[in-house]
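As a plain string of letters, each chain reads:
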Amino acid sequence: MKLKNMLPLFALMLLASCGEKKEIHIPVQAEQEGRWGMVTTDGEVVFEGKFENEPCIAHNERFLVQNKEELYEFFTVEKEPRKIGMTYRTAMDFINEVTAVAEPDSIIKLIDKEGEVVLRLDQINGKDVERIPEACDGAFLYVDETEAYGCIDTEGKVLIPAEYEFLSFLGDGYVLGKPKTVLPEGERRNPYWIMNLQGEKLGEVNMMKYDGSGFELIDGKYLQVHHYEGDEPRYGLIALDGTEKIPLTASISGIQGGCKDMFVFSKGELFGVMNVEGKELIPAKYKNLYFMSADRLMAFDEEGKGKIIDVEDKQIGTYGNYAHLYPEAKYYGDKAVVPLTDTEWVFIDKEGKEAGEKHWYRVGGQCSQASVENDYCDPKELFEWLKVTANGVDGLTFSSASEEVQARETDIFYDNIGKNTGFRKTYRNRDIWVNIYMSGNLKARRGGVWKHTNATPICFEVSFTDDRIDMTSCWMAALEMLEKLGKKRIDVRAPFEAYQVDEDICAVAKRNAESVDFYLCKASALKRVLEDDLYEE
């Protein structure tokens, strides 16, 4: 099974923050290569052996699982799981009471827990919605066609307008964002803003002072920040208004997950626990360390053997050989599911004692759809998006020099020196290739050094090969583009159609069995296009 997106750190934090009881269910596998079932956070079996692919952790009594075509489906959490809604290209867990989905070749929609569409997210404020990257606190982040980030509630009301280079939920009703507005030279501080869900600015992360920040709040009030002095990292905490709580210090070289007013910190390669006042509760002595709940942690020694400890560093229970696997073991209320080995998981209570007779071969929790993307594709839009004009493609023209052309190279074309190059672009998950054929070599050796030449393009070839593009519609769009650009039809044989754009430029479309090619070429190169003889070593 191909996992489209892994659950981000922030979302993992939401699943079991500080041992709070969460309305989630956990996927389990009874034996190697067996089908998957699901249990409650108390270890009670809801169903067993139902799904070939690993389900995602269930939220609000609903879970996602991929089918054989690697599309997503929702099911109810019950003894006989019931499918709800449609089949989706991408879908998001039910973090909120409604969630975001996109069917194949469709825009993003919000659906309720019965799979009914409650809102179509085709446009917000006149701009196409391209992506829903996160959900939290009864809200969704969205990205529009200009790659600007905004935030809406579950009814589509704009909470924060799309005026940010990025936004990320911090939890507890707060958001971190970087405004798109660039401050005047000399005043530029390149700040991140800390805001509430109404878009009200509470403080700034001064990015002239810090090299980066975290994306989760500690104790609901503090954000980790860091700065490098040479190769040495220094970490600290700031409050929501941007003021320092713990100043940057070399004694903290990293901050991991927090729980209430505590967080795991590192000093070099070892980990300990500190509170938000900067007091070490557990010195940095463990090879790995993470919170299981507000009063329990999993600690690993140099040999990778794990034991459960409390916040005073006292061992809980007698077992000291837990495996370090993902997902990390968490307490859901009074129970946790932990790995005795890499193929044996068991539920335990707060005293570290086994709380049930059932052992599981594997516990899930890493599979999740964390982002939903607009999957609608009108081939007519492809030509507009590619900026196909009478003089070039995607900003390049027949006058573009080799250095400008080569700056666009991607993938297999990288650093070519011959007459052929190109790049790949992605439109709503569909790959489109632009091949460029030059009048001469891109580079020539001069004085023992390879330098760019004065070669310019003689032909742009746009290849639509992705099987998620409807080729019949794509061919019709290519013909429309020919008529839009062309002044006179040229008599050519199938599978080609061609038009004269002007005295020096021709436009050509070619219909293949499973793809469409569109050419914009110099008249001198037309014969080579029709004979498929453009490529040169």
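Look up: the structure comes first, before these words.
Residues numbered from 1 in each chain as written. Predicted model: local features only at pLDDT ≥ 70, side-chain atom pairs only at ≥ 80, totals over all residues. Heavy atoms only, no water.

A word on the pattern of salt bridges
Link 1 in the chain: Taken as a whole and judged by the stated rule, the model has 35 salt bridges.
Link 2 in the chain: In this structure, E73 and K83 form a salt bridge, with 3.4 Å as the shortest nitrogen-oxygen distance. Of this pair, E73 sits in strand 6 (residues 72–76) while K83 sits in strand 7 (residues 83–88), placing them 10 residues apart in sequence.
Link 3 in the chain: Between R82 and E78 there is a salt bridge; the shortest N-O distance is 3.8 Å.
Link 4 in the chain: Among the residues examined, R82 registers a relative accessible area of 38% and is labelled partly exposed.
Link 5 in the chain: Judged by relative accessible area, E78 falls into the partly exposed class, the value being 31%.
Link 6 in the chain: Residues joined in a network through salt bridges with shared partners are R89, D105, D375, R430 and R468. (Salt bridge = Lys/Arg side-chain N within 4 Å of Asp/Glu carboxyl O. Helix = DSSP H or I, 4+ residues; strand = E, 2+ residues; numbered from the N terminus. Buried < 20%, exposed > 50% of the residue type's maximum accessible area, 1.4 Å probe, protein only.)

Considerations on the pairing of strand 35 (residues 344–348)
Link 1 in the chain: Along strand 35, four of the five residues are buried, which leaves the element largely enclosed by surrounding structure.
Link 2 in the chain: With five bridges connecting them, strand 34 (residues 335–341) and strand 35 associate as antiparallel partners. When the bridges of strand 35 are listed, P339 appears paired with W345.
Link 3 in the chain: Sheet topology note: the strand 35/strand 36 (residues 354–360) ladder contains three bridges and is antiparallel. Bridge assignment links V346 to a residue of strand 36, and that residue is H359. (Pairing = 2+ DSSP bridges.)

Let's talk about the environment of E354
Link 1 in the chain: Relative to the helices and strands, E354 is located in strand 36.
Link 2 in the chain: The exposure class assigned to E354 is partly exposed, which follows from its relative accessible area of 49%.
Link 3 in the chain: A sequence separation of 18 residues divides E354 from A336, and the C-alpha atoms of the two residues are 9.6 Å apart.
Link 4 in the chain: Discounting chain neighbours no more than four positions away, the residues touching E354 are L340, V346, F347, I348 and H359.
Link 5 in the chain: A polar side-chain atom of E354 sits 3.1 Å from a polar atom in the side chain of H359. (Contact = heavy atoms within 4.5 Å. Polar contact = N/O pair within 3.5 Å; in protein donor to acceptor, adjacent residues only side chain to side chain.)

A short note on the nonpolar core
Link 1 in the chain: Formed by 37 residues in total, the largest nonpolar core has its most connected members in F383, V388, I432, I436, V462, F464 and F518.
Link 2 in the chain: Elements with a contribution of two residues or more to this core: helix 2 (379–385), strand 41 (420–427), strand 42 (430–438), strand 45 (457–464), helix 4 (471–485), strand 48 (505–511) and strand 49 (516–522).
Link 3 in the chain: For this core, the element with the most residues is helix 4, which contributes eight residues.
Link 4 in the chain: If we ignore the near neighbours within four places in the chain, the residues touching I432 are L382, W385, L386, F423, R424, K425, Y427, V462, S463, F464 and I469.
Link 5 in the chain: In terms of nonpolar packing, the next biggest core, distinct from the first, is built from 26 residues, L141, I160, V175 and L223 among them. (Core = buried A, V, L, I, M, F, W, Y, C linked by side-chain atoms within 4.5 Å.)

Describing the sheet that holds strand 25 (residues 254–259)
Link 1 in the chain: Ordered in space as 25-26-27-28, the four strands form an open sheet in which the pairing is antiparallel. The outermost strands of the open sheet, each flanked by one partner alone, are strand 25 and strand 28 (280–286). On average, each strand axis in the sheet is inclined to that of its neighbour by 20°, with strand direction left out of account.
Link 2 in the chain: Pairing between strand 25 and strand 26 (residues 262–267): four bridges, direction antiparallel. Looking across to strand 26, one finds that G254 is bridged to S266. (Axes fitted to C-alpha atoms, helices over the stretch in contact; angles between N-to-C directions.)

Describing the packing of aromatic side chains
Link 1 in the chain: Evaluation of the coordinates by the stated rule reveals 16 aromatic pairs.
Link 2 in the chain: Between F383 and F518, the aromatic rings sit 5.3 Å apart at their centres with planes inclined by 75°, giving edge-to-face as the arrangement. Of the two residues, F383 sits in helix 2 while F518 sits in strand 49, which places them 135 residues apart along the sequence.
Link 3 in the chain: Accessibility expressed as a relative area gives 3% for F383, which makes it buried.
Link 4 in the chain: Taken together, the ring pairs connect F47, F51, F63 and F75 into an aromatic cluster.
Link 5 in the chain: We note K350 situated over the ring of Y331; from NZ or CZ to the ring centre the distance is 5.3 Å. (Phe/Tyr/Trp six-rings, centres within 6.5 Å; stacked < 30°, edge-to-face > 60°. Lys NZ or Arg CZ within 6 Å of the ring centre and 35° of its normal.)

Focus on unusual backbone geometry
Link 1 in the chain: Here Y326 and P327 are connected by a cis peptide whose omega angle stands at 5°.
Link 2 in the chain: Summarising the element assignment, P327 is placed in the loop between strand 32 (315–316) and strand 33 (331–332).
Link 3 in the chain: Between A494 and P495 the backbone carries a cis peptide bond, its omega angle lying at 10°.
Link 4 in the chain: With respect to the helices and strands, the residue P495 is situated in the loop between strand 46 (488–490) and strand 47 (496–500).
Link 5 in the chain: Phi at E147 takes a positive value of approximately 65°, unusual for a residue other than glycine.
Link 6 in the chain: You can see E147 is positioned in the loop between strand 15 (139–144) and strand 16 (149–153).

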